[in-house]
4 protein chains.
Amino acid sequence: MNAQLDNLAIELPSWAFGNSGTRFKVFGTPGTPRTIEEKIADAAMVHRLTGMAPSVALHIPWDRVDDYGALGSYAAEHGVRLGTINSNTFQDDDYKFGSLTHTDKTVRQKAIDHHLACIEIMEQTGSRDLKIWLADGTNYPGQGDIRGRQDRLAESLATIYQHIGPGQRMVLEYKFFEPAMYMTDVPDWGTSYAHVSGLGERAKVCLDTGHHAPGTNIEFIVAQLLRLEKLGSFDFNSRFYADDDLIVGAADPFQLFRIMFEVIRGGGLAPGSDLALMLDQCHNVEAKIPGQIRSVLNVAEMTARALLVDTEALTAAQESGDVLTANAIVMDAFYTDVRPAVAQWRTERGLPADPMRAFAESGYQNTIDAERVGGTQSSWGA
Amino acid sequence: MNAQLDNLAIELPSWAFGNSGTRFKVFGTPGTPRTIEEKIADAAMVHRLTGMAPSVALHIPWDRVDDYGALGSYAAEHGVRLGTINSNTFQDDDYKFGSLTHTDKTVRQKAIDHHLACIEIMEQTGSRDLKIWLADGTNYPGQGDIRGRQDRLAESLATIYQHIGPGQRMVLEYKFFEPAMYMTDVPDWGTSYAHVSGLGERAKVCLDTGHHAPGTNIEFIVAQLLRLEKLGSFDFNSRFYADDDLIVGAADPFQLFRIMFEVIRGGGLAPGSDLALMLDQCHNVEAKIPGQIRSVLNVAEMTARALLVDTEALTAAQESGDVLTANAIVMDAFYTDVRPAVAQWRTERGLPADPMRAFAESGYQNTIDAERVGGTQSSWGA
Amino acid sequence: MNAQLDNLAIELPSWAFGNSGTRFKVFGTPGTPRTIEEKIADAAMVHRLTGMAPSVALHIPWDRVDDYGALGSYAAEHGVRLGTINSNTFQDDDYKFGSLTHTDKTVRQKAIDHHLACIEIMEQTGSRDLKIWLADGTNYPGQGDIRGRQDRLAESLATIYQHIGPGQRMVLEYKFFEPAMYMTDVPDWGTSYAHVSGLGERAKVCLDTGHHAPGTNIEFIVAQLLRLEKLGSFDFNSRFYADDDLIVGAADPFQLFRIMFEVIRGGGLAPGSDLALMLDQCHNVEAKIPGQIRSVLNVAEMTARALLVDTEALTAAQESGDVLTANAIVMDAFYTDVRPAVAQWRTERGLPADPMRAFAESGYQNTIDAERVGGTQSSWGA
Amino acid sequence: MNAQLDNLAIELPSWAFGNSGTRFKVFGTPGTPRTIEEKIADAAMVHRLTGMAPSVALHIPWDRVDDYGALGSYAAEHGVRLGTINSNTFQDDDYKFGSLTHTDKTVRQKAIDHHLACIEIMEQTGSRDLKIWLADGTNYPGQGDIRGRQDRLAESLATIYQHIGPGQRMVLEYKFFEPAMYMTDVPDWGTSYAHVSGLGERAKVCLDTGHHAPGTNIEFIVAQLLRLEKLGSFDFNSRFYADDDLIVGAADPFQLFRIMFEVIRGGGLAPGSDLALMLDQCHNVEAKIPGQIRSVLNVAEMTARALLVDTEALTAAQESGDVLTANAIVMDAFYTDVRPAVAQWRTERGLPADPMRAFAESGYQNTIDAERVGGTQSSWGA
């Protein structure tokens with residue numbers, strides 16, 4: 001178990017440390033970062049306590065700085081590195097009716113240029129992945145030409161992909177709905193897969209666990225995309241209803257367990273795997289830093305449980321048609337309390353046995369509450 | 001048909017004329033009102049062109065003014081009147097963990113007091129209905145005590161209800177989810193019904209067409225609540241996925257037709273009916289005033305279609321178990337193009353045959369675009 | 001924990017031991033009972049191994065016998081007793097367009113008479129509960145008059161309720177859809193609640209965990225109905241999509257845990273509680289008797305976990321708005337491996353530590369496979 | 001409009017004329033066919049009255065005969081031809097745990113051989129399409145190895161595809177769930193697309209309108225698959241909840257309109273298009289032959305409405321960001337009553353203006369009710 005846990009690296013999103021909310025209200029909290037440096041400091045704290053969160057994803061323009069080299073050094077000093085670059089083509093007025101899919105070539109070019117700028121940033125930060133989540137879509141039947149939008153999307157993606165360097169990747173995220181309410185231009189894994197298949201080896205799919213229709217069997221998609229060698233990365237979170245962006249594993253820990261089981265089954269934690277695991281969450285009502293710690297622990301613990309599955313016995317039960325035994329083997333792993341073992345994994349590596357408690361006792365929150373006064377708290381808008 | 005169309009009165013929400021959006025972005029548009037007076041002026045324009053939107057709902061505190069008497073006069077001068085008062089207990093920091101359900105009595109009292117203030121406003125505006133939509137709920141299992149929250153909710157509602165005057169009503173809206181992501185304190189019609197049943201005759205249920213679980217048969221709920229004499233009002237809008245707040249009838253016109261059929265079946269358009277029909281929508285990407293006009297027309301046209309159902313023949317087909325004929329009778333009404341008849345209804349009343357074109361030709365939008373410069377455009381925040 | 005586990009009694013449905021399937025195929029298996037006596041023998045085996053399944057629900061007419069007194073004695077000899085009587089008004093051709101809601105009074109009377117016959121059986125079996133699950137509904141808009149059907153339903157239920165004896169109860173089950181595809185006459189808890197509220201104290205709601213719209217928060221309904229003193233019984237099973245009737249806890253064990261937590265919170269396991277827990281499942285592809293054993297164990301284990309919640313600490317965390325701690329307290333209970341403790345509970349009572357293994361080693365299956373040759377295997381049809 | 005309506009050919013499924021139902025009950029009706037010849041006679045009646053249903057799909061083994069040449073002649077004499085061959089690997093006991101995906105090579109080979117037998121039938125019937133709908137899947141986590149099943153599926157499909165003749169096609173259907181309740185081996189269009197893309201040009205996707213997750217935007221998938229040149233055929237029906245198999249257009253006529261709009265937009269009705277339109281429905285409670293007539297009419301009428309969309313004006317509105325006008329152009333077509341125009345299309349071709357009435361007046365139903373006495377009525381089992 002430990003060897004594979006050693007391979008577990010969960011990237012933290014810078015924006016999880018900023019304020020977030022619903023369309024109804026964004027609640028602010030003391031200590032919320034005002035700058036990307038403060039976000040990195042918070043993320044580094046999560047890594048210091050868990051040992052499993054070595055990198056921080058940036059969101060452009062929210063995390064734009066003048067000197068990315070300096071930012072990388074700042075991160076390194078704090079024990080983490082800069083990770084995935086996330087583009088944003090949904091907050092300019094120009095993008096009201098689309099970005100990479102827009103009928104107006106000028107707007108498409110602007111959106112393409114934004115991605116090229118992101119690739120330049122990647123070269124400075126040493127990031128491997130450019131993640132594209134498109135908010136493009138329409139709210140009403142007739143508002144857009146579904147087919148034409150796909151054609152323009154394909155063309156825009158091809159242009160961007162030409163600039164993806166040899167050591168870089170483009171990961172294309174899909175989402176069932178929101179902010180578009182009728183038609184989303186990349187609504188499902190099939191669409192993302194069709195696009196990245198046409199582009200080349202360094203184009204992959206990003207699977208956000210909250211971006212599916214109700215009832216979707218997500219672990220199936222994980223298994224399928226790993227089989228097709230097109231699963232690039234995860235955006236982890238959890239949901240009861242829509243894209244709720246709750247703490248990963250909070251809504252349905254058994255689902256997270258099944259997902260991690262398929263990740264392992266498909267080689268996603270094997271040495272050499274280039275599968276990226278990332279959190280993408282909102283801590284609307286709970287404390288942000290411990291919210292991220294809890295999320296990392298949830299992924300770790302469900303991974304540890306998934307690693308306990310007796311796969312030989314499982315195969316035997318499957319091949320004999322013994323449904324109850326096969327299911328029991330899986331459930332036995334899920335029902336085993338791995339928390340002591342994972343705590344031991346941490347203490348063996350000089351990490352606190354209980355990261356949540358260690359954070360509470362660290363005084364870190366009090367410090368930032370006191371220090372981070374004035375300025376504008378970061379949120380999705382900035 | 002015409003007599004019942006004459007009974008059709010669709011209240012407009014003041015906030016539909018302000019900006020709205022998703023958690024990702026709120027797009028502003030020229031001409032957006034800065035004040036409640038400007039919202040009323042826009043709403044009055046909708047009524048002037050459709051003849052079916054005689055009142056405007058207010059949202060407190062968004063539409064708070066010093067002199068509600070003056071506001072009522074202003075509305076009257078514009079040919080409309082002030083309608084339902086909508087309370088708001090979801091945008092103060094105090095309400096982060098609940099309002100009428102909060103564990104802290106101080107917060108509950110604040111929320112109760114807000115409703116009492118709304119009732120005072122109702123007395124000044126002559127409004128009949130206090131509408132309570134609660135954003136209360138929790139995001140994580142364990143965050144709140146489901147049972148305790150219900151008990152506190154019942155107590156709070158009872159306190160408010162004591163202040164509801166003899167000519168007034170309290171309507172309690174339910175919502176499946178959002179902004180709460182795990183548990184909403186009034187998630188379904190059953191909960192709303194259980195509460196208002198316990199309160200008294202002047203407490204009723206408000207049905208928002210976008211607030212249900214996927215697949216819910218909404219017309220069944222309409223029929224049931226009318227049967228139980230507890231359907232107080234509608235919040236009309238439409239949705240493909242969640243609470244999308246699209247133009248009513250845009251996503252599934254046949255569903256709107258079925259809803260209106262049950263409204264008629266249950267006496268909701270009969271003389272003396274106290275059922276209130278209201279829009280509650282967001283025009284995130286489309287023009288707001290014509291968006292409201294279109295919505296009023298959609299309700300009118302689907303009502304007109306529903307009125308065409310040959311109910312005698314339908315009953316005969318139902319009683320004989322002739323499924324196809326019964327269905328065909330309903331579909332025949334739905335497939336009939338009533339637009340000419342509804343246009344004639346308008347011209348007979350001195351209204352424009354085509355309100356959408358009349359608005360486009362009126363120059364109203366250009367005028368407000370030019371006049372409403374400076375200030376802060378209204379949105380959900382204000 | 002042990003005291004409340006002692007209160008746990010999970011009724012088994014006779015039909016779970018017969019064949020079942022989908023509309024596409026029913027697979028038969030060796031050893032399937034041909035008679036109600038054989039079903040009872042199988043159910044008794046489950047109780048012998050788990051100590052928590054002391055009664056067997058009957059389905060009329062599937063389990064009709066000439067002498068219910070003799071059947072009760074047979075059950076007693078096997079260590080179990082006869083439980084809930086389930087009516088069936090969905091398999092006669094007369095019921096194609098409804099039973100208790102049918103427009104034809106003759107059909108309604110036939111359906112009412114069937115329930116009166118069930119009540120007579122209850123008197124002979126000593127059963128407390130008459131459970132009514134109605135398949136009534138329509139497949140197409142217009143096929144039936146929603147409102148009229150409700151009125152007839154209310155009248156039919158009132159007639160039946162008049163015959164419910166002082167020590168008896170009527171429990172009315174609701175179901176979102178299936179077999180009706182457009183409108184179900186009792187589709188949600190609100191409808192069931194509205195009807196049973198109008199009838200009297202001995203009319204209650206039956207909650208089948210598989211009978212809800214996607215995403216429905218079931219534990220909320222549990223809490224609400226217990227609060228309203230109208231939760232009569234559970235039909236336990238689990239589902240990923242629709243009314244899948246899988247083994248309870250198999251699809252989402254955390255949900256089952258949350259449900260049992262609310263059952264405990266609401267007094268459902270307290271001494272004197274009249275809440276009935278029952279399984280209602282299909283073992284389409286897995287072995288039936290161990291399928292039932294596994295189900296009983298799942299309920300027991302999730303109950304044991306729910307009993308571990310530190311409710312005092314939870315209340316403190318809730319009242320302080322400490323979302324993460326409140327959630328962690330709940331998750332800590334869920335993540336604890338209670339299987340050793342529940343095994344010990346069993347061994348202390350002279351039961352096998354591992355009922356699944358005990359069954360496998362018992363030779364029971366081999367015996368019935370050999371003995372039950374010829375005749376017609378029981379299924380939903382008989 | 002008429003030219004494209006001339007291209008409209010809707011294949012009827014032989015099994016729609018047999019009995020069908022839910023897992024709870026299959027209702028029989030007078031006049032139900034006992035043989036494939038009687039099914040063909042009924043289908044021919046639908047074509048005679050509508051002029052748009054020139055072929056009949058067969059289901060093997062339900063429609064197995066000794067002499068397919070003779071069957072083809074029989075069909076031709078009745079004015080129709082034999083169409084798609086549908087395989088069946090879900091009703092043999094061997095397939096309890098899978099067919100093309102089974103772990104046991106013997107079972108896989110049996111399932112492959114069944115498809116090869118179907119291809120042989122295709123050669124005798126002159127059918128172009130082999131349609132594969134797989135019921136394969138699992139009910140419980142752990143029951144099967146998701147990845148291994150995909151690999152075996154790919155291998156089995158490749159073997160079958162090798163036998164697909166130059167003028168033939170293989171269409172692979174996907175389905176969200178049912179009969180499998182946890183994991184379906186071909187659950188979504190992405191999976192079907194990934195498989196058929198790997199096979200070759202004559203492998204395509206079959207889209208059944210009832211086989212999606214709740215809320216799925218089906219017209220998007222239509223547009224996408226036409227764009228990818230991989231949409232082979234439709235199975236038309238409608239649903240409110242799951243795979244309800246109701247009359248196409250009955251649940252959401254506007255959705256059917258949008259689907260047909262994308263079919264037209266993507267060239268699916270253009271000369272030379274090889275897109276196949278087929279019904280796949282169950283008439284559980286309504287009369288079967290008029291149920292099929294109604295279905296054909298629904299497709300025709302929604303196609304006619306979709307053909308009315310002013311696509312030039314639509315494009316202009318889309319490009320100018322005029323959401324309301326773009327939507328209005330689409331809705332204007334949908335709201336237009338095309339029934340007179342479609343009736344005229346029929347009368348111009350010597351067909352009855354009102355096929356439903358023509359059927360009622362034909363006496364056909366009385367004739368078959370009288371003639372088809374004795375024997376075993378066809379249903380899904382035979």
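Residues numbered from 1 in each chain as written. Chains lettered and ligands numbered in written order. Predicted model: local features only at pLDDT ≥ 70, side-chain atom pairs only at ≥ 80, totals over all residues. Heavy atoms only, no water.

Undergrad: Honestly, unusual backbone geometry in this entry has me stumped. Any pointers?
TA: What you tend to see is this: most non-glycine residues have negative phi, and most peptide bonds are trans. Residue and element names in this part refer to chain C. In this model, Ile 60 is joined to Pro 61 through a cis peptide bond whose omega is 20°. For Pro 61, the location among the structural elements is in the loop between strand E2 (55-59) and helix H3 (68-77). Within the chain, Asp 245 stands out as a residue other than glycine whose phi angle is a positive 55°. Note on placement: Asp 245 falls in the loop between strand E9 (231-236) and helix H8 (253-265). (Helix = DSSP H or I, 4+ residues; strand = E, 2+ residues; numbered from the N terminus.)

Undergrad: Is there a simple way to think about the relation of the copies chain B and chain A in this case?
TA: Each copy of the chain is related to the other by a rotation around an axis and a translation along that axis. Least-squares fitting of chain B to chain A yields an RMSD of 0.0 Å, with the superposition described by an axial translation of 0.0 Å and a rotation of 180°. Viewed as a symmetry operation, the transformation between the two copies matches a two-fold axis. For chain B, the minimum C-alpha distance to the rotation axis belongs to Arg23(B) and amounts to 2.2 Å. Both copies share a contact surface, since 100% of the interface residues of chain B are interface residues in chain A too. (Least-squares fit on C-alpha atoms with pLDDT ≥ 70 in both. Contact = heavy atoms within 4.5 Å.)

Undergrad: Any chance you could explain the relation of the copies chain D and chain A here in plain terms?
TA: In the superposition of chain D on chain A (RMSD 0.0 Å, axial shift 0.0 Å), the rotation amounts to 180°. The overlap is high: 100% of the interface residues of chain D also sit at the interface in chain A, so the same surface is used on both sides.

Undergrad: Where do I start with the confidence of the model for chain A in this structure?
TA: Reading fine detail from the predicted coordinates is not recommended where pLDDT is low. Taken residue by residue, chain A gives an average pLDDT of 97. The fraction at 70 or more is 99%. What the predictor reports for the complex is a pTM of 0.98 with an ipTM of 0.97. (pLDDT = per-residue confidence, 0-100.)

Undergrad: I would appreciate a short explanation of the sheet that holds strand E9 (residues 231-236) of chain D in the present structure.
TA: Consider a sheet: its strands pair through backbone hydrogen bonds, and that pairing is either parallel or antiparallel. Residue and element names in this part refer to chain D. One closed barrel accounts for eight strands, arranged E1-E2-E3-E4-E6-E8-E9-E10; its pairing is parallel. Recorded for the sheet is a direction-independent mean angle of 30° between the axes of neighbouring strands. Judged from the four bridges that link them, strand E8 (residues 203-208) and E9 form a sheet pairing that is parallel. Residue Asp 208 lies in a different strand from E9, and its bridge partner there is Asp 235. Contacting strand E4 (129-132), strand E6 (169-173) and E8, helix H5 (residues 146-161) runs over the sheet at an angle of about 155° to E6. Running over the sheet, helix H9 (residues 288-307) touches strand E1 (10-13), E9 and strand E10 (276-279) and is turned about 155° from E1. (Pairing = 2+ DSSP bridges. Axes fitted to C-alpha atoms, helices over the stretch in contact; angles between N-to-C directions.)

Undergrad: Sorry, what's going on with the interface of chain D and chain A here?
TA: You'll often see interface size given as the accessible area lost when the parts meet. Taken together, the 53 residues of chain D in the interface contact 53 residues of chain A. Interface area, chain D with chain A, both sides summed: about 4100 Å², of which 61% is carbon and sulfur. It is Arg147(D), Phe220(D) and Arg227(D) in chain D that bury the most area against chain A; as a group they hold 17% of the surface buried on that side. In this assembly, chain D and chain A are joined by four salt bridges. (Buried area = accessible area lost by both parts, 1.4 Å probe. Salt bridge = Lys/Arg side-chain N within 4 Å of Asp/Glu carboxyl O.)

Undergrad: When you look at the sheet that holds strand E1 (residues 10-13) of chain A in this model, what are you seeing that I'm missing?
TA: Strand order in the closed barrel made by the eight strands is E1-E2-E3-E4-E6-E8-E9-E10 (chain A), with parallel pairing throughout. Geometrically, the sheet is characterised by an average inter-axis angle of 30° between neighbouring strands, direction not taken into account.

Undergrad: When you look at the interface of chain B and chain A in this model, what are you seeing that I'm missing?
TA: Taken together, the contacts link 42 residues of chain B with 42 residues of chain A. Carbon and sulfur atoms supply 63% of the area that chain B and chain A bury against each other, a total of about 4000 Å² over both sides. Of all residues in chain B, Arg23(B), Phe24(B) and Tyr241(B) bury the most surface against chain A, accounting for 22% of the area lost on that side. In this structure, the connection of chain B to chain A is made through eight salt bridges. Asp245(A) is paired through a salt bridge with Arg23(B); the nearest N and O atoms lie 3.0 Å apart. Run the count over chain B and chain A and you get 18 residue pairs in polar contact (both at pLDDT 80 or more). (Polar contact = N/O pair within 3.5 Å; in protein donor to acceptor, adjacent residues only side chain to side chain.)

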